[in-house]
Structure formats: C-alpha cells, structure tokens
Amino acid sequence: MTTTSPSEAEPVAPDAVEPPETLWEKAGGGRGVAVAVGLLALTRVGQLLMVWWLGGASTENGGVWQRLLVWDGGWFLRVAMNGYPHGYTYDANHVLQANELAFFPLYPALIRGVTMFGVAPGTAAVGVAWLASIGAAVALHLLGTTLYSKRAGWALVAICCSAPVSVVLSMAYSESLFLALVAGMFVAAHRRVWLPAALFGLGAALTRPTGAAAAIALAVAAIMAVRDSTERIKPLAAAATALAGVPLFLAWVGWRVGDWTAWFRIQTAGWGTSFDYGRSTAAFLHATFTGADGWVQISVGLILLAALAAAGVALAARPWPPLAVYGVVAMVLVYGQAGFYHSKPRLLLPVLLTLLPAVVAAARARPRVAVLSITAWAVFGLWYGAYMITIWPYTM
C-alpha cells in the first residue's frame, strides 16, 4: 500500500471550488422574487376589496378609484400637469397658503412622463405608484435576504406591505416610489455596487424630504467601505451624489421664489409642519391618553409608541449600521416635527427599522406560526388603511 504526502496530493482544479452564492441565488432566484411580488399582490387586492367594502363603491365617495386619488394625490397631479408656481400663494386676506412647491419632483415628473404616451393623468399617477410598489416588493425581499435570510425577505415584504397605512402604496402618493428607492439603495450599498446606490439615493432624496436620512445612511455605508478597503472614490462619490439631492431641491425652491426659506415657510403655512424638537408630538401623546376625541387618535398614539418600542428592540440587536442610522434620523424627523398627527403613521411606513424585530421573529418561527401571525397583522393593517381613506374624513 502506498501513501501520498500532502505535498504530493493532486491539486484541486479551480472550477471544482464551489463559487460563492449570489444574492439572486440566495433570494431564491425568479421564484423567490415571484413570491415577493405575489405577497404584494395579495395585500393590494385585499386592500382594494376592503376599500370597496367600507364604502369605496359609494358614488358619494367617488368610488374606489377616486379614493386612490385624494388628498396629496391632487397636489402631485397638479405639479405633474401644471408645473410649479413661481412664487408664494396668498388668500384674499394676503395670508400665506400652501402650494405645489412643497412637493418633491421625482414622482410628479414620472407621472408627467407617462402622460406623454397618452395615458390619463390619474391613471398615470396610480400606475406609477403601482409599478413602484412592485419595485419596492422586489427590493424589500432582496434587502431582507441580504441582511438575514430568504424567509426574512418574504416576511419584510408581507409585514411592510400590510402595515396599518400601507394603503398609500396603492394611492397616488410618493411612498411606494420612495420605499423602492430606499430599499434598492440599501441593497446596492450592502453589496458595494456604488453607481446604483448613488442613483437610488439621489432618487430617494428627490422624492421625499426624508430622503436626507437615506443619504446620510449611504454616507455611513460609504465610510464603512472606505475603512474596510482601498476603494475611496466610488463610495464617497455615491454618498455625495445622494447628499446633494434634498439641498438642491430646497435651494431651487428658494431661488424660484426669491426666499431661501421658502420651502419651510410653505410647509408651515399649508400643513403646520415645522421642526419643534418633538414638543408637539409629546403634547399630542399627552392629550391622547388623557382625553382623546376618538379611537383614531388613540390608535395613532399607540402606533407612535409601538414604533418607538420596536425601534429600541431593533437597535438593541445591532442591525447593519446604515439601516440603523437611516431609521434613527428618519424617526427624529417624524417625531420631531409639528404637523397633522394622523399623517405620522404614513411617514413612518418607509422607516424599515421599526419592522426588523417582527421580520426576524417571523423568519425564525415555524412557518405555520409565521403565516398566522402575519395574516392577523395584515387583516388589521389592511382594514385600518381602508378605513382611513373611506370613512375617516381627514387627510392622511
């Protein structure tokens, strides 16, 4: 019997070494993405059925379709079709009013682009939102898979898309586009693919003011990349690109009006929005739990407290730092500003940090337990959103 020493062993051919698993493979490939889109479709169909059931079919409410175009949808459509005004808007008593300059440009620009193909403006607005929702579902699945596992990716899609105010993902609102861009930015940044990260980050910054939080998070990811490798130009350029988005739009509004504080003044005049370091939020919570004027007010107060608790649990588990930074900064912006209290749950929807504890728990639970838990969450969340746009009389 002959033996072979390690030095004499036959070398392993390079192609015999198993290649690392790609994100696409880890996410389940086409099947995994199809499941994520299917989960989104279930939530959207369920939501629309609940809108119809709660009164959306009533001609008094304008039908289901009109419920998808209310409130901010009208503002976005005016920007898309008429452009931005050249200055402030005043009433007959010369009191400053809201106008379209408060709304960031990317979503209405996409609406305008679709209408150039002969599509009606309302159809274009909802169509862009629905297509963006599909992109959000794919990006959320890839993000959850990247950070945790394939099951976590599916759980993130299901939990996010059935949250209490996820109805805006079906409406002519910018949340679906913003969510798709933010999730896509995080996936690209985690994989250190900097050009898509820069474009997604800039897009998010031109979609909503909380895009500033996403840009700061991308800067954190860029600093981490610079620290861990010799590559510097690409990550730093990506961060700079995203960071420029919000200041550029605010500066453009200031230049157009002739007042560098114009955007902030319009926000305050139209929606009472100003940063007061959380005083109005604290006052709202105190008033809610000492003498609320209805169950919706109590529900919003509970949502705000639950989101804070969930964020604390998520941070204790030390999530990926850019995602943690984005969540914290975005929540500071939401809780720290005055404004309509019933809009705050909508503003929290893209703050993915608050969803992480439930996502991780669902990914670790037995499949049956996870499905039953998420289904119960979805039934309440979809009903809540449908109620808010059919029966609740105020903007969301």
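Scope of this entry: the structure provided in the associated data block. (Residues numbered from 1 in each chain as written. Predicted model: local features only at pLDDT ≥ 70, side-chain atom pairs only at ≥ 80, totals over all residues. Heavy atoms only, no water.)

### Quick look at the nonpolar core
The nonpolar side chains of soluble globular proteins are, as a tendency, buried together. Ranked by internal contacts, the top residues of the largest apolar core, which has 128 residues, are Tyr107, Met171, Phe186 and Tyr326. With near-sequence residues (within four places) excluded, tyrosine 326 lies in contact with Phe178, Val182, Phe186, Thr210, Ala213, Ala214, Ala217, Pro350, Val351 and Leu352. (Core = buried A, V, L, I, M, F, W, Y, C linked by side-chain atoms within 4.5 Å. Buried < 20%, exposed > 50% of the residue type's maximum accessible area, 1.4 Å probe, protein only. Contact = heavy atoms within 4.5 Å.)

### Quick look at the environment of glycine 153
Checked against the element boundaries, glycine 153 lands in helix H7 (residues 150-161). Glycine 153 gets classed as buried once you look at its relative accessible area, which sits at 0%. On a C-alpha basis, the gap between glycine 153 and valine 138 in space is 9.1 Å, while along the polypeptide they are 15 residues apart. Not counting residues within four places of it along the chain, the set of residues in contact with glycine 153 comprises Leu140, His141, Gly144 and Thr145. (Helix = DSSP H or I, 4+ residues; strand = E, 2+ residues; numbered from the N terminus.)

### With respect to unusual backbone geometry
The phi angle at tyrosine 277 is positive, at roughly 60°, despite the residue not being glycine. Note on placement: tyrosine 277 falls in the loop between strand E3 (274-275) and helix H13 (279-291).

### Here we look at the packing of H7 against helix H17 (residues 356-364)
Between H7 and H17, the least distance of the axes is 8 Å, while the angle of their chain directions is 130°. In this view, H7 runs oblique relative to H17, as classed from their interaxial angle. For the pair H7 and H17, the crossing hand works out as right-handed. Along its contact with H7, which presents Arg151, Ala152, Ala155, Leu156 and Ile159, the element H17 presents Ala358, Val359, Ala362 and Ala363. Its residues placed into classes, the contact of H7 with H17 shows 8 nonpolar, no polar and 1 charged. (Axes fitted to C-alpha atoms, helices over the stretch in contact; angles between N-to-C directions. Parallel < 35°, antiparallel > 145°, perpendicular 65-115°, else oblique. Left-handed = near helix turned anticlockwise from the far one by under 90°. Nonpolar A, V, L, I, M, F, W, Y, C, P; charged D, E, K, R; others polar.)

### Section: the side chain of arginine 44
Assignment of secondary structure puts arginine 44 in helix H2 (residues 29-56). Within the buried set, arginine 44 has no salt-bridge partner at all; the shortest N-O distance to an opposite charge, 11 Å, is to glutamate 175. Only 3.2 Å separates the side chain of arginine 44 from the side chain of threonine 43, close enough to count as a polar contact. In terms of polar contacts, arginine 44 uses its side chain to reach the backbone carbonyl oxygen of serine 166, at 3.2 Å. In contact with arginine 44, not counting residues within four places along its chain, are Cys161, Ser166, Val167, Leu169, Ser170 and Leu382. (Lys, Arg positive; Asp, Glu negative; His and termini not counted. Salt bridge = Lys/Arg side-chain N within 4 Å of Asp/Glu carboxyl O. Polar contact = N/O pair within 3.5 Å; in protein donor to acceptor, adjacent residues only side chain to side chain.)

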